[in-house]
Amino acid sequence: MGMNVDNPWLIELGKQDLNQQGIVMNKETAKARGIKEGDEVWVESQVGKVKGTVKLIEGIRPDTILMAGQFGQWSTPVAKDTGRVSEVLLTPIKASWTDHVTGCMQGNTVKAKIYKT
């Protein structure tokens, strides 16, 4: 739920957590692709494309990137105005991606490619 991402106090606190800024990627995977800390990259799925800044860490699977999912929603304009990257535009919106019990989107694991801008 995006209710807390449009809270200015939480946005300010979130800026202190470097792993929540931009696109988090495995250091070795990035090195193999010629991507360095702070580089701007494109992340592209079958339904969308977003650009963001890379934060490199060792504590993430080599075949995975991490992005917040709440930013860019039309219903949370303050969050939208922060300019933070979001996986929202990369996730297909289909009934088959919706949990039949809770009605929530499932599978925010999307096959995507990442490359330097």
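Everything discussed here concerns the structure shown above.
Report follows, based on the coordinates. (Residues numbered from 1 in each chain as written. Predicted model: local features only at pLDDT ≥ 70, side-chain atom pairs only at ≥ 80, totals over all residues. Heavy atoms only, no water.)

### Considering the nonpolar core
The following threshold applies: Take the buried residues of types Ala, Val, Leu, Ile, Met, Phe, Trp, Tyr and Cys, join any two whose side-chain atoms come within 4.5 Å, and each joined set is a nonpolar core. Throughout this description, buried means an accessible area under 20% of the type-specific maximum (1.4 Å probe, protein chains only), exposed means over 50%, and partly exposed covers the range between. For the purposes of this entry, the term helix denotes a DSSP run of H or I that reaches at least four residues, the term strand denotes a run of E that reaches at least two, and both are numbered from the N terminus.
Ile 23, Met 25, Val 43 and Met 67 are the most contacted members of the largest nonpolar core, which totals 13 residues. Elements represented by at least two residues in this core include exactly strand E1 (23–26), strand E2 (40–44) and strand E3 (49–57). Tallying contributions element by element places E3 first for this core, with 3 residues.

### Focus: the pattern of salt bridges
Which entries qualify depends on this criterion: A carboxyl oxygen of Asp or Glu within 4 Å of a side-chain nitrogen of Lys or Arg is what we treat as a salt bridge.
Counting across every chain of the model gives 4 salt bridges. With a closest N to O distance of 3.8 Å, Lys 55 and Glu 37 form a salt bridge. Of the two residues, Lys 55 is situated in strand E3 and Glu 37 in the loop between helix H2 (27–32) and E2; the sequence distance between them amounts to 18 residues. What makes Glu 37 partly exposed here is its relative accessible area of 45%. Among the salt bridges present, the one from Glu 40 reaches Lys 51, with a minimum N-O distance of 3.8 Å. You can see Glu 40 sitting in strand E2 and its partner Lys 51 sitting in strand E3, a full 11 residues away along the chain. Residue classification places Glu 40 among the partly exposed positions, given a relative accessible area of 39%.

### Remarks on the pairing of E3
Put simply, the rule reads: Here, a strand pair is defined by DSSP locating no fewer than two bridges between the strands.
For E1 and E3, the ladder comprises 4 bridges, and the chain directions are parallel. Within E3, the position partnered with Met 25 by the bridge is Leu 56. Bridge count between E2 and E3: 5 bridges; the pairing is antiparallel. The residue bridging Val 43 from the neighbouring strand is Val 50, located in E3. Between E2 and E3, which follow one another and run antiparallel, lie 4 residues.

### Description of the side chain of Asn 26
Going by this rule: In protein, a polar contact means a hydrogen-donor-capable atom and an acceptor-capable atom, both N or O and within 3.5 Å, with residues adjacent in sequence counting only if both atoms are side-chain atoms; elsewhere, any N or O pair within 3.5 Å suffices. We call two residues contacting when some pair of their heavy atoms lies within 4.5 Å.
As for its position among the elements, Asn 26 is in strand E1. Of note is the side chain of Asn 26, whose polar atom sits 2.9 Å from the backbone nitrogen of Glu 28. Excluding residues within four positions of it along the chain, Asn 26 makes contact with Leu 56, Ile 57, Glu 58, Ile 60, Arg 61, Pro 62 and Thr 64.

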